[in-house]
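Tertiary structure, described
Here is how the chains run, residue by residue.
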Amino acid sequence: GDVYKRQIQEVSNMNLKGKKTKNQVVAANIFEQQELLKKAEVIRENLTASTWHELETNGKFDKNAKLSFISDDMLILGCDVGSETHYLRAIDTRGRELSKSAYSFRNNCEGFQSAKEWAVELAAKNEKKQIVLGLEPTGHYWFCLATWMIANGISVVQVNPYAVKQTKEVEDNSQLKDDTKDPKLIANLVKDGNFGMPYLPEKVYAELRRLSMFRDQLNEDRIRAINRMHREMKIYFPEYKEALGRVEGAFSLELLRQTPFPGEIQTLGEDGIRQIWHDAKLRGRGYSRVREIVGYAKTSVGMKDGAEASAMAVKWFVKEIRELDEKLAEIEKLMREKYQEIPYAKNILEISGIGENTLSGILAEMGDISRFDDVKEIQKLSGLGLVACSSGKHKGETKISHRGRKRLRYWLFQAAKSAVAHAEELKELHVYYTTRTDNSLKKMQSLIVIACKLLRIIYGILKNGTVYDPKKMLRDIRRPEKKEVIAA
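So, here is what we can say about the structure in this document. What you see is a predicted model, and the numbers here were worked out from it, not measured in a lab.

Within the protein one finds 20 helices and seven strands. The C-alpha radius of gyration computed for the protein amounts to 34 Å, which surpasses the reference 23 Å derived for 488 residues by more than 25%, pointing to a less compact arrangement than a globule. Along the first, second and third principal axes, the C-alpha set of the protein runs to 135 × 85 × 45 Å. Among the 488 residues that make up the protein, the fraction classed as buried is 42%. Long-range contacts, defined here as pairs at least 24 residues apart, represent 65% of the contacts in the protein between residues at least 6 apart. Accessible surface, the protein as shown: approximately 28700 Å² in total, 50% of it carbon and sulfur. Distance between charge centres in the protein, computed from 81 positive and 68 negative side chains, equals 3 Å.

Bringing the pattern of salt bridges into the picture now. Using the criterion set out here, one finds 22 salt bridges in the structure. Ionic pairing is found between arginine 44 and glutamate 117, a salt bridge with its closest N-O pair at 2.7 Å. Taken as a pair, arginine 44 in helix H1 (residues 2-46) and glutamate 117 in helix H4 (residues 109-125) lie far apart in primary sequence, 73 residues in all. Classification of glutamate 117 by relative accessible area gives partly exposed; the value is 29%. A salt bridge links glutamate 365 to arginine 405; its shortest N-O distance comes to 2.8 Å. Taken together, the residues glutamate 365 in helix H15 (residues 356-366) and arginine 405 in the loop between strand E7 (399-400) and helix H17 (406-422) connect sequence positions 40 residues apart. Among the charged side chains, a salt-bridge network with shared partners connects Glu270, Asp271, Arg274 and Arg291.

All right, on to the nonpolar core then. If you look at the biggest cluster of nonpolar residues, it comprises 75 residues, and the most contacted ones within it are Phe69, Phe195, Met366, Leu426, Leu454 and Leu462. Residue contributions to this core peak at twelve residues, all from helix H19 (residues 443-464). Every residue in contact with phenylalanine 69, bar those within four places of it in the chain, is listed here: Ser50, Leu55, Phe61, Met74, Val132, Ser155, Val157 and Phe195. Membership of the second largest hydrophobic core comes to 31 residues, among which are Phe251, Ile276, Ala297 and Phe317.

As a further point, take the packing of aromatic side chains. Applying the stated rule across the entire model yields 15 aromatic pairs. Residues phenylalanine 112 and tryptophan 148 carry aromatic rings whose centres are separated by 5.7 Å and whose planes lie at 55 degrees to one another, so their mutual orientation is tilted. Pair noted here: phenylalanine 112 is in helix H4 and tryptophan 148 is in helix H5 (residues 142-151), with a separation of 36 residues, a long-range link. For the pair formed by phenylalanine 112 and tryptophan 148, the shared burial category is buried. Between tryptophan 277 and tyrosine 287, the ring centres sit 5.6 Å apart and the planes meet at 85 degrees, which makes this aromatic pair edge-to-face.

Of the pockets and cavities examined, the largest pocket occupies roughly 2200 Å³. Those elements that place two or more of their residues in the lining of the largest pocket are helix H3 (63-69), H5, helix H9 (203-236), helix H16 (375-381), strand E6 (386-387) and H17. Here the lining of the largest pocket takes seven residues from H9, the largest share from any one element. Across the lining of the largest pocket, the residue classes tally to 18 nonpolar, eleven polar and 18 charged. The calculated volume of the second largest pocket comes to roughly 700 Å³. Lining the second largest pocket are 20 residues, with Leu386, Leu441, Gln445, Ile448 and Val449 positioned closest to its centre. Of all elements in the fold, only E7 and H19 reach the threshold of two or more residues within the lining of the second largest pocket.

Moving on to the state of the cysteines. By the definition in use, this model includes zero disulfides. Cysteine 144 supplies the cysteine sulfur nearest to cysteine 109, a cysteine that is in no disulfide, at a spacing of 11 Å.

This part covers unusual backbone geometry. Generally, phi is negative for residues other than glycine and the peptide bonds are trans, each holding for most cases. Of note, glutamate 127 is a non-glycine position whose phi angle comes to about 60 degrees, a positive value. Residue position: glutamate 127 is located in the loop between H4 and strand E4 (130-135).

Extensive coverage of strand E1 (residues 74-80) is indicated by the burial of seven of its seven residues. Residue alternation in E1 divides its side chains into two sets, Met74, Ile76, Gly78 and Asp80 and Leu75, Leu77 and Cys79, and both sets are buried. As defined by bridge partners, E1 adjoins strand E2 (residues 85-91) across five bridges and the pair is classed as antiparallel. What sits directly across from leucine 77, in E2, is alanine 90. Remark: four residues form the turn of the hairpin made by E1 and E2, two consecutive strands paired antiparallel.

With a relative accessible area of 53%, glutamate 127 lands in the exposed category. When the C-alpha atoms of glutamate 127 and leucine 75 are compared, they prove to be 9.1 Å apart, with 52 residues separating the residues in sequence. At 2.6 Å, the side chain of glutamate 127 forms a polar contact with the side chain of lysine 39.

Another aspect to go through is the environment of tyrosine 344. Note on placement: tyrosine 344 falls in the loop between helix H14 (307-339) and H15. Judged by relative accessible area, which is 43%, tyrosine 344 ranks as partly exposed. Taking the C-alpha atoms as reference, tyrosine 344 lies 8.8 Å from valine 467; in sequence the two are 123 residues apart. Those residues within four positions of tyrosine 344 in sequence are excluded, and the remaining contacts are Ile461, Leu462 and Gly465.

Glancing now at the packing of helix H11 (residues 250-258) against helix H12 (residues 262-279). Where H11 meets H12, the closest approach of the two axes is 11 Å, and the angle between their N-to-C directions is 130 degrees. Compared by their axis directions, H11 and H12 come out oblique. Pair H11 / H12 crosses with right-handed handedness. Residues Phe251, Glu254, Leu255 and Gln258 of H11 form the contact with H12, whose participating residues are Glu264, Ile273, Ile276 and Trp277. Tallied by class, residues from the contact of H11 with H12 come to five nonpolar, one polar and two charged.

Tallied over the entire structure, the rule returns one cavity of 30 Å³ or more. What the largest cavity holds in volume is close to 30 Å³. In terms of lining residues, the largest cavity is bounded by Leu77, Leu88, Ala115, Lys116, Ala119, Leu133, Met149 and Ile154. In terms of residue count, H4 provides more of the lining of the largest cavity than any other element does, three residues in total. Of the residues contributing to the lining of the largest cavity, the split by class is seven nonpolar, no polar and one charged.

Procedures and definitions
Residues numbered from 1 in each chain as written. Predicted model: local features only at pLDDT ≥ 70, side-chain atom pairs only at ≥ 80, totals over all residues. Heavy atoms only, no water. Helix = DSSP H or I, 4+ residues; strand = E, 2+ residues; numbered from the N terminus. Rg over C-alpha atoms; globule rule 2.2 N^0.38 Å. Buried < 20%, exposed > 50% of the residue type's maximum accessible area, 1.4 Å probe, protein only. Contact = heavy atoms within 4.5 Å. Areas by Shrake-Rupley, 256 points an atom, 1.4 Å probe, with all protein chains shown as cover. Lys, Arg positive; Asp, Glu negative; His and termini not counted. Charge placed at Lys NZ, Arg CZ, Asp CG, Glu CD. Salt bridge = Lys/Arg side-chain N within 4 Å of Asp/Glu carboxyl O. Core = buried A, V, L, I, M, F, W, Y, C linked by side-chain atoms within 4.5 Å. Phe/Tyr/Trp six-rings, centres within 6.5 Å; stacked < 30°, edge-to-face > 60°. 1 Å grid on protein atoms, 1.4 Å probe; cavity = no way out; pocket = protein on both sides within 12 Å on 5 of 7 lines; lining within 4 Å. Points joined across faces, edges and corners; volume = space filled by probe spheres on them. Nonpolar A, V, L, I, M, F, W, Y, C, P; charged D, E, K, R; others polar. Disulfide = S-S within 2.5 Å. Pairing = 2+ DSSP bridges. Polar contact = N/O pair within 3.5 Å; in protein donor to acceptor, adjacent residues only side chain to side chain. Axes fitted to C-alpha atoms, helices over the stretch in contact; angles between N-to-C directions. Parallel < 35°, antiparallel > 145°, perpendicular 65-115°, else oblique. Left-handed = near helix turned anticlockwise from the far one by under 90°.

None of this, on its own, says anything about what the molecule does.
In structure tokens, the structure reads:
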């Protein structure tokens, strides 16, 4: 009986001990959760986002500076951006993954807030104090995400999509590239300092960029409408170019708006065409072409079947072209007003051949000049940087990279073409480059060199407020000294 009582007592003591242990574990877990909540709250209060304003305007933000920016107390997030859903993964500065799996969140305020809370919780668990988010600048889906994260204390950097593609096999020796793998690739690129600071235009630069984008879109729509109109005219009035001269002129568009094809033109006659232009209050030399127009209409070999429907289409296209011309004029007027708010921008117009539309296009694509420490950075941004693939005795062909902002490259090239046609000093420079004895350039190569020269001039004017001096520009060109020929 005594043995039985002792056994019962031992079992009872063990049960009591087990309950105490379980209660202690629960209490420890609660205490740990409270500590994590306190740490998370401290992190939220001290989160500070660094942007290009702080990092790129105080000297060159080179590779060493980027590696120093990624400190040991920083949680590194990689984000694969999508149209509706984004994916996150987190690592530390040693590349160790801190997230068990990819975290997905929606492209809205609730999704952004949940992503931040997820990151803050991970930072608290792993003794991190700051958070940096790396992403690919593909499309426009990252704009809102980057802006929201920076406003909420999380630094945002961007990596080159081409670099992500090239490093996809480093991670797991697999060609696989998907929404859950990409975030870790991006995070590792950030860890190694292979990133740049995103630039979203602000204030007047943001207005210029948007207006420039709208102008490009309207120009594309206008060209599309013109090409469609040309197609119809070539079928039903093949001689229209000889008859009308400048098809996109005011006289031609007014006539095409009412009577585009030969049958209607013959019915109107010379007096009817003159009356159309008179009613539209057009003045000029267009009236002298009336007889030619009617003559071409009488001898036209254009098709007759389907002409009524096609004429209706031509009238629609003409109406669209005119409306687009009005919108383009309004946008270009706004752009001219906006660029005048940029200090020293007017000085650039002293360069013959560079007009207000070209200048506004360059400034819209270039953005705030203060973020550049050297003009070579803008040259690289525009895709005009020189690259060559050489190894050992092999010397590769030197050419421009064609990477970067293609619209900036386009406007600089247009400025070079116009300046060579109108500015005597740049015309002289173009002749020198294409005719010099040593290393003469082709015409296209010379225009690229002059575009880079104009970029350096524009950078100097905007940066220092200098005034353009053609003579000084020519003096700055280094030319080889002519060798004296000694008679034997």
